[in-house]
Amino acid sequence: MEILVCIKQVPGTTAVEVDEETGVLKRDGVEAKMNPFDLFAIEQALLLREKYGGKVDVITMGPGQAEAVLREAVWMGADRGILISDRSFAGSDVAATSYALSQGVRKAGTYDLILCGKQTTDGDTAQVGPEMAEFLGIEHIANVEMVLEAEGNELTVLENQENCQRQLKLFMPCLLTIEKDANTPRLPSYKRKMKTGGLEIERIGLSDFSDKDRRHYGLEGSPTQVERIFPPERNASCQKYEGEPEKLGNLFYQVLLEKKFVSENKV
Amino acid sequence: MGSLKVHQEKVTSEIAEKMCALCPFHAISYEDGTLKIDAGCRMCRLCVKNGVPGVVTFEEEAAQEIDKNLWNGIAVFAEWEKGEVHPVVYELLGKAKELAEVNGHPVYVLLVGYELSRIAEELLHYGADCVYCYDSQYLSEFKPGPYTNVIEDFVNKIHPSVMMYGATVKGRSLAPRAAARFQTGLTADCTVLKMKKNTDLVQIRPAFGGNIMAQIVTPNCRPQFCTVRYKVFSSAERSRQASGKIEKMGLADEKLKSCVKVQREIEKPKTIDIAQAEVIVAVGRGVKSRQDLAMAQELAELLGAQLACTRPLIEAGWFDARRQIGLSGRTVKPKLIITLGISGSVQFAAGMKGAECIISINQDKNADIFNLAHYCFVGDLYEILPKLLCRLKGGAR
């Protein structure tokens, strides 16, 4: 089975601030790491390779430094790392990112299965997987807890829904987004690190894509525009209530109503 | 729309140094006398605004503008399961009506599934102008492929300006796929929505774990797609009188069939996992005896909450250890946590300070928990709680 896992480098912490004057993120000195959700996708891919053979490639889009997450994935056990990097992708929103990724995936090879983490910790949208699947013209299933079985080009998966789980059968090629805590990701191996020390990370840029039209990528290819970013209003002033129990009980109830934890018509 | 242009003739090594230092993403570098912007660029354009003037400029490129008058109406995707409409749909309808008023747009509901007539009738009580029904046995189960085909058909026929989805498991799978089909914008988990006079939807959402808010528009694409989480907006009120009409829509079977097969549905195993709970009632040493826990239990049941506790109550053997919050227990991040008789030790706080809303009852007005809580009730929980329970059960004030 030929598997491709899409991963992302994210800031090591979400504790970023906005520069009020310029409206730009202050990210200096913030260390980068692999999006933790992606670890479960990598682990699922490696488990499938152990069971059915084949190979596991990893791909990411970002600046040169993003190579670090590809190396980490290789140390975990992936076979090959591919970096999609080009200045033309600057300012991409979800749609432009998904489109560029889908172009990069086509260039990277032919795969039976594409796996993504459920979401990232920085964008937090959980949209890139399904959008990519649409651009690639393949089926997708989100929130997959486990791939149960592969037989020929058929795949049996366990999918999480809000109130139940569903066992689904579908054909490859397809794209799955893997649920958080679906498995226990292995640690990068020191042995592999030593063995793959000089590993070449392949680079793909706009000139390698079949669609080379600059207007389809980056800021220009993005249907959404960020008008401004600003710090959230902090509910800093805490409400303190003292007095008669009767009054406090009522106030408590009002707070629950206001915050929609209970509804009036329920009573 | 546009791109950054570097004017190399203006670059000196001194200027280059300034420009490199300026970029918050370290995307500007200076090599062999050339100032370069690499793939780390996020198009924040700080180098244009705050850099040495004229060194980097933003070259506007006029995009062909779409005719927004061709796109009318605010559409809500009506998710349902086992005969029940997901409550987020009523919240979306409440907001949709507000947004529609600005430009006098109609409000639409898109209902997809099988044997829908009862649900469609019910939806007419929430103020939509029209409920569009795609009713087919092939749509009885949610599958992203055919459901996207339905949305494609709906958009092509009705031309809504906005499409709203609940940020549910299904919504988060479907909305992006459909947005990609129209190569339009999708903004996830909006917490504020406003409508401009030119029909652009202003979408505000938290980013970076809520540390930053982003205001987003989709200025030159239609429809504008967005998702909203459950319990963010106020629900539309149900009126006794049904209004609006139901329109039956059809689509060829081959567009509705899918090679994805649902083999079986499995009920989720119910385990004690306070980490996943949206609402938590936590008790501490302020609860004097074991039988008094019944009060807290009742509150938890009324709010659909999980019961949790501090370490001393585990040591006393009152609770299963899986219900402990804190450094030596679980970390929780619920939408609401109510703490009863908890002083708020550092260890406990570490396990719950990420909660979106903290309401605390404690007798000691100087208790540490009150430095953390958003709503502090200073008093005896044995007096306040019965009053609250009475109100929750429908008692008069």
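Owing to the predicted nature of the structure, the values given are computational and were not obtained by experimental measurement.

Draft legend 1. The arrangement of the overall build of chain A in detail. On a plain count of helices and strands, chain A comes out with six helices and 15 strands. Expressed along its principal axes, the backbone C-alpha trace of chain A runs to roughly 70 × 50 × 40 Å. Nonlocal contacts in chain A, meaning residues at least 24 apart in sequence, comprise 69% of its contacts between residues at least 6 apart. When the accessible surface of chain A is summed, it comes to about 11,800 Å², and 47% of that surface belongs to carbon and sulfur atoms.

Draft legend 2. Local environment of the interface of chain B and chain A. With 100 residues of chain B in contact, the opposing surface of chain A contributes 90 residues. Carbon and sulfur atoms make up 58% of the surface buried where chain B meets chain A, a total of about 8,800 Å² over both sides. Inspection of the region where chain B meets chain A yields four salt bridges. The tally of links between chain B and chain A comes to 25 residue pairs in polar contact (both at pLDDT 80 or more). Looking at which element gives the most residues to the side of chain B that touches chain A, the answer is helix α6 (residues 169–181) of chain B, with nine residues. Pairing of strand β11 (residues 164–171) of chain A with strand β17 (residues 261–267) of chain B involves six bridges; the strand directions are antiparallel. If you follow Gln165 of chain A over to β17 of chain B, its bridge partner there is Ile266 of chain B.

Draft legend 3. Representation of the packing of helix α3 (residues 94–108) of chain A against helix α4 (residues 128–136) of chain A within the structure. Residue and element names in this part refer to chain A. Contact pair α3 / α4: the axes reach a minimum separation of 8 Å and the direction vectors enclose 55°. In this view, α3 runs oblique relative to α4, as classed from their interaxial angle. Crossing geometry of α3 relative to α4 is assigned as right-handed. Between α3 and α4, the contacting residues are Val94, Ala95, Ser98, Tyr99, Leu101, Ser102, Val105 and Arg106 on the first element and Val128, Glu131, Met132, Phe135 and Leu136 on the second. For the contact of α3 with α4, the residue count by class is nine nonpolar, two polar and two charged.

Draft legend 4. Quick peek at the sheet that holds strand β6 (residues 55–61) of chain A. Across the sheet, ten strands lie side by side as β13(A)-β7(A)-β6(A)-β1(A)-β8(A)-β12(A)-β9(A)-β10(A)-β11(A)-β17(B); this open sheet has mixed pairing. Each of the sheet's edge strands pairs with one partner strand only, and the pair in question is β13 (202–204) of chain A together with β17 of chain B. Recorded for the sheet is a direction-independent mean angle of 30° between the axes of neighbouring strands. Looking at chain direction, strand β1 (residues 2–6) of chain A and strand β8 (residues 113–117) of chain A are connected through four bridges and run parallel. Paired with Ile3 of chain A across the strands is Leu113 of chain A, a residue of β8 of chain A. Strand contacts of α6 of chain B: β9 (139–151) and β10 (154–160) of chain A, with the helix running at about 100° to β9 of chain A, the strand carrying the most contacts.

The rules behind these values
- Residues numbered from 1 in each chain as written.
- Chains lettered and ligands numbered in written order.
- Predicted model: local features only at pLDDT ≥ 70, side-chain atom pairs only at ≥ 80, totals over all residues.
- Heavy atoms only, no water.
- Helix = DSSP H or I, 4+ residues; strand = E, 2+ residues; numbered from the N terminus.
- Contact = heavy atoms within 4.5 Å.
- Areas by Shrake-Rupley, 256 points an atom, 1.4 Å probe, with all protein chains shown as cover.
- Buried area = accessible area lost by both parts, 1.4 Å probe.
- Salt bridge = Lys/Arg side-chain N within 4 Å of Asp/Glu carboxyl O.
- Polar contact = N/O pair within 3.5 Å; in protein donor to acceptor, adjacent residues only side chain to side chain.
- Pairing = 2+ DSSP bridges.
- Axes fitted to C-alpha atoms, helices over the stretch in contact; angles between N-to-C directions.
- Parallel < 35°, antiparallel > 145°, perpendicular 65-115°, else oblique.
- Left-handed = near helix turned anticlockwise from the far one by under 90°.
- Nonpolar A, V, L, I, M, F, W, Y, C, P; charged D, E, K, R; others polar.

Geometric values such as these leave the question of function open.
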